[in-house]
Amino acid sequence: MAGEIETALYSVSTPIGNLDDITFRALEVLRGVDVIACEDTRMTSRLCEKYDIKTRLVSYHKFSENKRTGLFLDYLREGKNVAIVSDAGTPLISDPGEILVKSVSEAGFKVIPVCGACAVITLLQSVQREGESFKFTGFLPRTQGQIEEVFIKNKTENLVFYESPNRIRKTLETLRALRPDTLLSLGRELTKKFEEIKTAPVDEILSNLVEKGEFVCLVHRSPDDSDDALIIEKASTLKRLRLCDKDIINVLCALYDFPKNKVKEILFKL
């Protein structure tokens with residue numbers, strides 16, 4: 001073994017589709033630890049069978065995090081070592097693991113990352129975008145109003161998010177209604193047999209949308225709307241402080257020299 005397995009929690013990235021997308025180090029760790037905490041033992045078993053990994057699997061998902069965290073802490077206290085994996089991709093990136101990592105760190109044990117596949121990076125490395133920066137929001141909120149707020153407030157960001165097949169059409173229709181001219185990059189079933197990666201205006205994406213598989217989306221930023229985005233951000237903050245529209249207009253125009261009519265128009269939309 002190239003590197004000795006020490007008493008620690010290993011956060012191990014696994015393939016997002018194609019089972020060949022795993023590192024030698026990840027295989028070495030998964031074979032060498034005492035137990036693997038996995039989101040779904042059936043999914044992880046497929047990977048283990050392919051690579052002849054005999055390590056014990058223990059289910060650890062969002063509904064059992066609180067109950068099972070103590071079990072893995074006991075393993076570490078006994079001098080054993082633990083790996084955590086999700087069904088696909090990287091733990092804690094819109095996947096379980098936050099409670100375990102926090103508890104392990106607070107107990108004084110190391111958390112060692114074992115890097116690998118991640119759907120966000122897989123999409124970003126395959127599409128052209130303006131600027132290096134991006135904002136990842138995970139899965140979008142559940143309510144229509146919250147989704148609209150995310151799209152409005154992040155006009156100047158390269159916004160990346162995950163979406164499920166049963167929500168993708170409605171989400172993109174919401175985006176089209178708010179920002180009809182925006183450019184969208186969509187990744188579907190990344191690294192799998194029917195992988196699809198496409199960049200086009202959101203209306204064109206919707207007209208050819210296949211509502212199957214897992215989606216990761218990049219909403220390209222609208223650099224010309226930087227003033228609008230700043231007004232929205234500041235106005236939303238002032239609204240939460242219960243200022244009336246008249247006071248919000250006066251504050252924003254005094255602090256940022258925004259045109260009064262522009263602030264009024266955006267407040268009306270909000």
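Data block above holds the structure.
Overview of the structure. Remember, predicted model here, so these are calculated numbers, not experimental data.

**A word on the overall build of the protein**
Reasoning step 1: Summing up its helical and strand segments, the protein has 11 helices and 10 strands in all.
Reasoning step 2: Considering only C-alpha atoms, the protein reaches an extent of 65 × 45 × 30 Å along its principal axes.
Reasoning step 3: Of the contacts formed within the protein by residues at least 6 apart in sequence, a portion of 67% connects residues at least 24 apart.
Reasoning step 4: If you sum the accessible surface of the protein, you get close to 14600 Å²; carbon and sulfur atoms cover 49% of it.
Reasoning step 5: Distance between charge centroids for the protein: 4 Å, based on 39 positive and 41 negative side chains.

**Some points on the nonpolar core**
Reasoning step 1: By size, the foremost hydrophobic cluster in this structure holds 20 residues, and its most contacted members are Tyr10, Val12, Leu30 and Ile36.
Reasoning step 2: The set of elements that each furnish at least two residues to this core consists of strand E1 (9-12), helix H1 (24-32), strand E2 (35-38), helix H2 (41-50), strand E4 (82-85) and strand E5 (111-114).
Reasoning step 3: At 4 residues, H1 tops the list of elements feeding residues into this core.
Reasoning step 4: In contact with Val12, other than residues within four places in its own chain, are Ala26, Val29, Leu30, Ala83, Ile84, Val85, Gly89, Pro91 and Val114.

**Structural notes on the layout of surface pockets**
Where empty space is left can be seen by rolling a probe of water-molecule size over the atoms.
Reasoning step 1: Taken as a whole, the largest pocket encloses approximately 1000 Å³ of empty space.
Reasoning step 2: Put simply, the parts of the chain that give the lining of the largest pocket at least two residues each are H2, strand E7 (159-163) and strand E10 (215-219).
Reasoning step 3: The element that contributes the greatest number of residues to the lining of the largest pocket is H2, accounting for 4 residues.

**As for empty space enclosed by the protein**
Reasoning step 1: The final tally for this structure, using the stated rule, is 1 cavity of 30 Å³ or more.
Reasoning step 2: Approximately 50 Å³ is the volume found for the largest cavity.
Reasoning step 3: Surrounding the largest cavity, Leu186, Glu196, Lys198, Ile205, Asn208, Leu209 and Val210 form its lining.
Reasoning step 4: When its residues are assigned to classes, the lining of the largest cavity shows 4 nonpolar, 1 polar and 2 charged.

**Description of helix H3 (residues 65-77)**
Reasoning step 1: A rise of 1.5 Å per residue sets the reference length of H3, with its 13 residues, at 18 Å; its end C-alpha atoms lie 18 Å apart and thus fit the reference within 8%.
Reasoning step 2: Buried within H3 we find Glu65, Thr69, Phe72, Leu73, Tyr75 and Leu76. The arc that holds every buried residue of H3, seen down its axis, measures 150°, which confines them to one face. Structural note: H3 exposes Lys67 and Arg77 on the side pointing more than 90 degrees away from its buried face.
Reasoning step 3: Contacts from the buried residues of H3 go to E1, E2, strand E3 (56-59), E4 and helix H4 (98-106).
Reasoning step 4: Just beyond H3, the residue with positive phi is Gly79, at close to 90°.

**A look at the packing of aromatic side chains**
Reasoning step 1: Overall, the coordinates contain 4 aromatic pairs when judged by the stated rule.
Reasoning step 2: On the basis of an interplanar angle of 80° and a centroid distance of 5.6 Å, the ring pair of Tyr60 and Phe72 is categorised as edge-to-face. Taken together, the residues span a long stretch of sequence, with Tyr60 in the loop between E3 and H3 and Phe72 in helix H3 at a distance of 12 residues. Here Tyr60 matches Phe72 in class, with each residue buried.
Reasoning step 3: Considering the side-chain rings of Phe136 and Tyr162, the 5.2 Å spacing of their centres and the 70° angle between planes classify their relative orientation as edge-to-face. Here Phe136, found in strand E6 (residues 135-139), pairs with Tyr162, found in strand E7; they are 26 residues apart in sequence, far enough to count as distant.
Reasoning step 4: Classification of Tyr162 by relative accessible area gives buried; the value is 10%.
Reasoning step 5: Of the aromatic side chains, those joined through ring pairs into one cluster are Phe136, Phe139 and Tyr162.
Reasoning step 6: Of note, Lys50 hangs over the ring of Tyr51, and the distance from its end group to the ring centre comes to 5.5 Å.

**A few points about the sheet that holds E1**
Reasoning step 1: Strand order across the open sheet formed by 5 strands is E3-E2-E4-E1-E5, with parallel pairing between neighbours. Both outer strands of the open sheet, E3 and E5, are each paired with one neighbouring strand and no more. Adjacent strand axes in the sheet meet at a mean angle of 25° when their direction is disregarded.
Reasoning step 2: Relative to E5, E1 runs parallel, the two sharing 4 bridges. Looking across to E5, one finds that Val12 is bridged to Val114.
Reasoning step 3: This element, H3, spans E1, E2, E3 and E4 of the sheet and lies at about 150° to E3.

**Notes on the pattern of salt bridges**
Reasoning step 1: Per the stated rule, a full pass over the model turns up 17 salt bridges.
Reasoning step 2: Note that Lys102 is salt-bridged to Glu106, the shortest N-O span being 2.8 Å. Residue Lys102 and its partner Glu106 are both found in helix H4; the two are separated by 4 residues, about one turn of the helix. Taken individually, Lys102 and Glu106 each receive the classification exposed, so the pair is uniform in this respect.
Reasoning step 3: Residue Glu211 is joined to Arg169 by a salt bridge in which the shortest nitrogen-to-oxygen separation is 2.7 Å. In this pair, Glu211 sits in the loop between helix H8 (202-207) and E10 while Arg169 sits in helix H7 (residues 168-178), placing the two residues 42 residues apart along the sequence.

Rules used throughout
Residues numbered from 1 in each chain as written. Predicted model: local features only at pLDDT ≥ 70, side-chain atom pairs only at ≥ 80, totals over all residues. Heavy atoms only, no water. Helix = DSSP H or I, 4+ residues; strand = E, 2+ residues; numbered from the N terminus. Contact = heavy atoms within 4.5 Å. Areas by Shrake-Rupley, 256 points an atom, 1.4 Å probe, with all protein chains shown as cover. Lys, Arg positive; Asp, Glu negative; His and termini not counted. Charge placed at Lys NZ, Arg CZ, Asp CG, Glu CD. Core = buried A, V, L, I, M, F, W, Y, C linked by side-chain atoms within 4.5 Å. Buried < 20%, exposed > 50% of the residue type's maximum accessible area, 1.4 Å probe, protein only. 1 Å grid on protein atoms, 1.4 Å probe; cavity = no way out; pocket = protein on both sides within 12 Å on 5 of 7 lines; lining within 4 Å. Points joined across faces, edges and corners; volume = space filled by probe spheres on them. Nonpolar A, V, L, I, M, F, W, Y, C, P; charged D, E, K, R; others polar. Expected span 1.5 Å × (residues − 1). Arc of directions from axis to C-beta. Phe/Tyr/Trp six-rings, centres within 6.5 Å; stacked < 30°, edge-to-face > 60°. Lys NZ or Arg CZ within 6 Å of the ring centre and 35° of its normal. Pairing = 2+ DSSP bridges. Axes fitted to C-alpha atoms, helices over the stretch in contact; angles between N-to-C directions. Salt bridge = Lys/Arg side-chain N within 4 Å of Asp/Glu carboxyl O.

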